[in-house]
Each structure stands twice: as structure tokens, then as C-alpha cells.
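The lines below spell out each chain.
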Amino acid sequence: MNHLRGHAEAAATEDGLGHFKRLRGRTADEITRRLIRAIFEHRLPPSTRITEDKLSRTFGVSRTLARQATSQLCEMGVFVKKPNHSCIVAHPSREEAQALIDARRMIEPELIRQIVRSASKADLQLLDEHLALEQGARLNGDRSRLIRLTGEFHLKLAQLARNPYLASFVMQLQVLTCLAILVHTDGEAGCPRDDHEDIVEKIRQRDADGAVLQMLKHLQHIELDLHQNDVHPDRQLEETFRWLAGETELD
Ligand SMILES: [Zn+2]
């Protein structure tokens, strides 16, 4: 579980501001983080075929390291093993997408209840800062960044509950939800506007029941969006691999 915990922290704290320049794929963990971030930004769509060879060339590392990174992602269910040292990015079915939302519904409302009890002033400030980043990305029309930030909002909440097991579990569910959204949503991806603000407002008011209700409403919005059978996202993969290799500046 340790590496999952690390990714939960990394994904929730990286703001992209040059941080990835230092982290650029040199260890298996770093490669895994970069791939997760690519998924969070919807750069790496479901069913994309990934080979150890391609990863080792992209990141300039040995195949052993590339294999370690893909194994970590297979363990999370984010990649699915295929023959010939290759994997594909998971392509959640409708049933799997529903199971993800069901699991989130069992976890995130209770997590919110705990945050209402324990949130410090600093925690609330952290959430406000995050909402401001989301708003900024929305205003700038920066879609990839907005999608990532809305996903990371949930990771931030999980971290504020200060339970590392929950944080890694939410991380896993969140990455897979990202993929499910790509397969089953045809409209604007990312969390619906205003939902996060409403949740934070209830936390600020120390209204546990109200916060739980807002979270349930929010999960229902996400669930209602997952209504398509299979949407094929149009993405230039060469661009993604250049981004993974760090040739494209972040943010
Ligand atoms: Zn959300």
C-alpha cells in the first residue's frame, strides 16, 4: 500500500509549478506518478496500449523500471496486463463505473463527516485555495488542468481526514472514476461546477449532515453523467508521450 499512499500525496499536492521538472520520470514511483497525472488530465485515454519498451524509451529508463511502474498500476487496476510485456489503460465497463460510484458513496460521505469534526482553520484555507485554483482553470478555459484539479479536490479531502489507508483508497477510486468518465460521459468532463464550493461551505459551517448531503448530491451528479455506453475520446497520443517524457512544459 505504501506506494499508493505516496501517489495519493503526490497527486494531491503537486500543483505542477515546476515540481515535475524535479520529479521527471527517473524512478518507478516517479513514472507511476507521471502516468497517473496523465490520466487525471485525460491525456492517456482508456484502452491505450502501453508497452514496457515504449515506456522505457519515453522516460529514458531501463525496462525493469518501466515494468515496476506498470506493475504498480496493474495492482491498482489502472492498467490491465496483456501478453507480450504490454498493458492497456483500464476501460471501465458500465457495471464497473457503477461499482466505483457505489464504493465512493460508501466512503466519501463519512469522510466528509469526519472532516467537519476535525477541520482546522488551515485545512479550510487549503480547501479555499484549491477552489480558487479550480476557478482559475475554469476562467482560463484550461480543461486538462480543471479536470485534474476537480479530481484532486477529492484527494485533498481524503488527506484532510488524515487516514492514509483512506487516502490511498480514494486515490485508486478517483483515477478509475477519471477513466470511467472518459468512457461513459460525452459532455464536459470533471466535477460539476459549484458542487465543490457547496461542500466546502457546509464544512465551514460545521454542518455535518449538510456536508454529507452535498457530497451525496455531488456523487449523484457524477453518476448521472456516466450514462453513455462508450465514448471514444479523440486524443493525439504522440502529444501525450511527448508530455510524459517532459518535453512539453507543464502549466
Ligand atoms: Zn468532485
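Rules of the game
Residues numbered from 1 in each chain as written. Predicted model: local features only at pLDDT ≥ 70, side-chain atom pairs only at ≥ 80, totals over all residues. Heavy atoms only, no water. Helix = DSSP H or I, 4+ residues; strand = E, 2+ residues; numbered from the N terminus. Buried < 20%, exposed > 50% of the residue type's maximum accessible area, 1.4 Å probe, protein only. Contact = heavy atoms within 4.5 Å. Areas by Shrake-Rupley, 256 points an atom, 1.4 Å probe, with all protein chains shown as cover. Pairing = 2+ DSSP bridges. Axes fitted to C-alpha atoms, helices over the stretch in contact; angles between N-to-C directions. pLDDT = per-residue confidence, 0-100. Disulfide = S-S within 2.5 Å. Arc of directions from axis to C-beta.

1. Describing the overall build of the chain
Piece 1. Counting its secondary structure elements, the chain contains 12 helices and three strands.
Piece 2. Counting the 251 residues in the chain, one finds 53% classified as buried.
Piece 3. In the chain, 78% of the contacts between residues at least 6 apart in sequence involve partners at least 24 apart.
Piece 4. Roughly 11,500 Å² of accessible area belongs to the chain as shown, and the carbon and sulfur atoms make up 50% of that amount.

2. A few points about the sheet that holds strand 1 (residues 49–51)
Piece 1. Across the sheet, which stays open at both edges, the three strands sit in the order 1-3-2 with antiparallel pairing between neighbours. Single-partner strands in this sheet number two, and they are strand 1 and strand 2 (79–82). Neighbouring strand axes in the sheet, compared pairwise and without regard to direction, differ in orientation by 35° on average.
Piece 2. Sheet topology places strand 2 next to strand 3 (residues 86–89); four bridges connect them, and they run antiparallel. Its bridge partner being in strand 3, valine 80 is matched across the sheet by isoleucine 88.

3. Some points on unusual backbone geometry
Apart from glycine, the bulk of residues carry a negative phi angle, and the bulk of peptide bonds sit in the trans form.
Piece 1. A positive phi angle, close to 60°, is found at histidine 42, a residue other than glycine.
Piece 2. For histidine 42, a relative accessible area of 6% corresponds to the buried category.
Piece 3. You will see that serine 47, though not glycine, has its phi angle at about 75°, which is positive.
Piece 4. The residue serine 47 is located in the loop between helix 3 (28–40) and strand 1 in this model.

4. Here we look at the confidence of the model for the chain
Piece 1. When the pLDDT values of the chain are averaged, the result is 85; 84% of them are 70 or greater.
Piece 2. Mean pLDDT per element in the chain: helix 2 (residues 19–23) is the minimum at 44, and helix 10 (residues 195–204) is the maximum at 96.
Piece 3. Within the model, pLDDT remains below 50 along residues 10–23, and this stretch shows 33 contacts once partners closer than five positions in the same chain are excluded.

5. What to know about the state of the cysteines
Piece 1. With the rule as written, the count across this model stands at zero disulfides.
Piece 2. As a non-bridged cysteine, cysteine 87 has cysteine 74 as the owner of its nearest cysteine sulfur, 4.0 Å distant.
Piece 3. We classify cysteine 87 as buried; its relative accessible area is 5%.

6. Brief notes about the environment of valine 175
Piece 1. Mapping valine 175 onto the fold places it in helix 9 (residues 164–184).
Piece 2. Exposure remark for valine 175: the relative accessible area of 0% places this residue in the buried category.
Piece 3. Remark: the alpha-carbon pair of valine 175 and valine 78, spanning 97 residues in sequence, is separated by 7.2 Å.

7. Quick word on the pairing of strand 3
Side-chain positions along a regular strand alternate between the two faces of the sheet.
Piece 1. The alternating pattern of strand 3 places Ser86 and Ile88 on one face and Cys87 and Val89 on the opposite face, and all of these are buried.
Piece 2. As paired elements, strand 1 and strand 3 share three bridges and run antiparallel to each other. Counted as the bridge partner of arginine 49 is isoleucine 88 from strand 3.
Piece 3. Hairpin connection, strand 2 to strand 3: the antiparallel pair is bridged by three residues, and asparagine 84 has positive phi, about 60°.

8. Brief notes about helix 12 (residues 237–244)
Piece 1. Inspection of helix 12 places Thr240, Phe241, Trp243 and Leu244 among the buried residues, and these make up the whole buried set. When helix 12 is viewed along its axis, its buried side chains cluster within an angular range of 155° and face the same direction.
Piece 2. Against helix 3, strand 1 and helix 4 (52–59) lie the buried residues of helix 12.
Piece 3. Directly beyond the C-terminal end of helix 12, a positive phi value near 85° is found at glycine 246.

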